Amino acid sequence: MEKFRTVLDFCLSHQKVLGYSAVSLLTAGSERLFSVVVFQCPCNSWNMLYGSVFLLVPALILFLLGYLLNVRTWRLFTGCCAPGRCCCCIQRRRCWRYFRVLWLVTVSAAVAPFTWIAVALLGANFYECAASGSSLLQRHLCQGRGTQCHEQVARMPCGGTLPQEAQTFVSLRAQSQVLGWILIASIMVLVLADTCLNRCRSPVSFLQLRFWKIYLEKEREVFERKAKEHATKLAERNLKCFFESTEPEPFLTPSNKDWQQISSLYAFSTKGQYYSMIHKYISAKRGTSIRSTEEDVFSPALLFVDGTDFNEMGTI
């Protein structure tokens, strides 16, 4: 039991890194599967389009999925332009803050697409197919040799050779792999620099960040339990009144305004210490707004606060 608890504590303290690693591994495995099972270069005039589609379109799909599966996306957009409410971007400052949060969501969603492109470039199949169909490469290799030479260049990914340019096929594979490693190295440098910068600008200490994550995990567990109990009692009361044709008894439940307030994006407050929007809500005076003000800060080091989704059992 102690070993299991140690493993669980490790996962909780490194859940962001482990989550990104899992996404990267799944993406890399999917790319290899597509490359071996699905991809088959046509070796004709379709090479450029076919190779580019396999290289870029799955990356675009993964990028959009990253937006769809990110909790902050829906915390940001849900109800922002509902009837009777002003759109979130009418005020210039508020609009700028929303764009900052959207940029952080974009960075998180870009992990899987860049992984796909990097692994695809290292495998070189997609790049070779696309490059062999490039009109620029064909004109460069076939100066004065006619259209038959263009067709031979397009067949190079399928084993076709050119007497004098056979080495070019090897160069295409080398180019793809070099680009792949450059992309991976660039991403790692940017991630390291961004992590160091965010930690340096963190408004709280290292140990408080650890405590904060533990608190959010416990709050999520208690929320799930209390929400189920509350929903069960409400459902039992309503169904009892329906089947027995009786008047409903008074039942206290959060209002729509209460739900909207605790569902808003978290911002670090310099005037009070709050570990979540629920914490901020119960600490404020009843009836007052707890939405972030211009003095509050959206700190990248505290992204995990909004990453806890109370509507799902999973973690960030």
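Residues numbered from 1 in each chain as written. Predicted model: local features only at pLDDT ≥ 70, side-chain atom pairs only at ≥ 80, totals over all residues. Heavy atoms only, no water.

For the protein chain, the name recorded in an unreviewed UniProt entry is Calcium homeostasis modulator family member 6, with Chelydra serpentina as its organism. What the UniProt record of the protein chain gives under Subcellular location (unreviewed entry) is the line "Membrane". Under the Sequence similarities (unreviewed entry) heading, UniProt states for the protein chain: "Belongs to the CALHM family." (UniProt positions renumbered as here; feature names shortened; annotations may be inferred.)

Note on soluble globular proteins: their nonpolar side chains tend to be buried together. By size, the foremost hydrophobic cluster in this structure holds 18 residues, and its most contacted members are Phe39, Leu55, Ile117, Leu121 and Phe126. Elements with a minimum of two residues in this core: helix H3 (47-69), helix H6 (111-123), helix H7 (125-132) and helix H10 (166-200). Of the residues forming this core, the biggest block, 5 residues, is contributed by H6. Counting residues in each nonpolar core, the second largest holds 14 residues, with Trp212, Ile262, Met277 and Ile290 among its members. (Core = buried A, V, L, I, M, F, W, Y, C linked by side-chain atoms within 4.5 Å. Buried < 20%, exposed > 50% of the residue type's maximum accessible area, 1.4 Å probe, protein only. Helix = DSSP H or I, 4+ residues; strand = E, 2+ residues; numbered from the N terminus.)

On to the state of the cysteines, then. According to the stated counting rule, one finds 1 disulfide in the structure shown. Between the sulfur atoms of Cys41 and its disulfide mate Cys129 the distance is 2.1 Å. Negative torsions about the S-S bond denote left-handed disulfides, and the value of about 80° found for Cys41 with Cys129 makes this one right-handed. Linking Cys41 in the loop between helix H2 (15-38) and H3 with Cys129 in helix H7, this pair joins segments that are 88 residues apart in sequence. Across the pair, exposure class does not vary: Cys41 and Cys129 are buried alike. Free cysteine: Cys200, not disulfide-bonded; nearest cysteine sulfur from Cys196 at 6.4 Å. Looking at Cys200, the relative accessible area reads 67%, which means it is exposed. (Disulfide = S-S within 2.5 Å.)

At a minimum axis distance of 8 Å, the contact between H3 and H6 shows a crossing angle of 160°. Overall, the two elements H3 and H6 adopt an arrangement that is roughly antiparallel. Crossing geometry of H3 relative to H6 is assigned as right-handed. In this structure, H3 contributes Phe54, Leu55, Leu56, Pro58, Ala59, Leu62 and Phe63 to the contact, and H6 contributes Ala112, Pro113, Trp116, Ile117, Ala120 and Leu121. Looking at side-chain class alone, the contact of H3 with H6 contains 13 nonpolar, no polar and no charged residues. (Axes fitted to C-alpha atoms, helices over the stretch in contact; angles between N-to-C directions. Parallel < 35°, antiparallel > 145°, perpendicular 65-115°, else oblique. Left-handed = near helix turned anticlockwise from the far one by under 90°. Contact = heavy atoms within 4.5 Å. Nonpolar A, V, L, I, M, F, W, Y, C, P; charged D, E, K, R; others polar.)

The next thing to look at is the packing of H3 against H7. Two numbers describe how H3 lies on H7: the axes approach to 6 Å, and their chain directions differ by 150°. With respect to their mutual orientation, H3 and H7 come out roughly antiparallel. In this structure, H3 meets H7 at a crossing whose hand is left-handed. Counting all contacts with H3, which are made through Asn47, Met48, Tyr50, Gly51, Ser52, Phe54 and Leu55, the residues of H7 involved are Phe126, Cys129, Ala130 and Ser132. Class assignment of the residues belonging to the contact of H3 with H7 gives a composition of 7 nonpolar, 4 polar and no charged.

One pass over the structure, following the stated rule, counts 12 aromatic pairs. Ring centres of Phe39 and Phe126 lie 4.7 Å apart, and the angle between their planes is 65°; this geometry places the pair in the edge-to-face category. With Phe39 in the loop between H2 and H3 and Phe126 in helix H7, this residue pair connects regions lying 87 residues apart in the sequence. Ring pairing ties together the aromatic residues Phe211, Trp212, Tyr215, Tyr266 and Tyr275, which thus form one cluster. (Phe/Tyr/Trp six-rings, centres within 6.5 Å; stacked < 30°, edge-to-face > 60°.)

Before going further, it helps to examine H6. In this model, H6 (13 residues) spans 18 Å end to end at C-alpha, consistent with the 18 Å of a helix rising 1.5 Å per residue. Counting buried positions along H6 yields 10 of 13 residues, so the element is predominantly enclosed. Residues of H6 that are buried include every one of Ala112, Pro113, Thr115, Trp116, Ile117, Ala118, Val119, Ala120, Leu121 and Gly123, and no others. (Expected span 1.5 Å × (residues − 1).)

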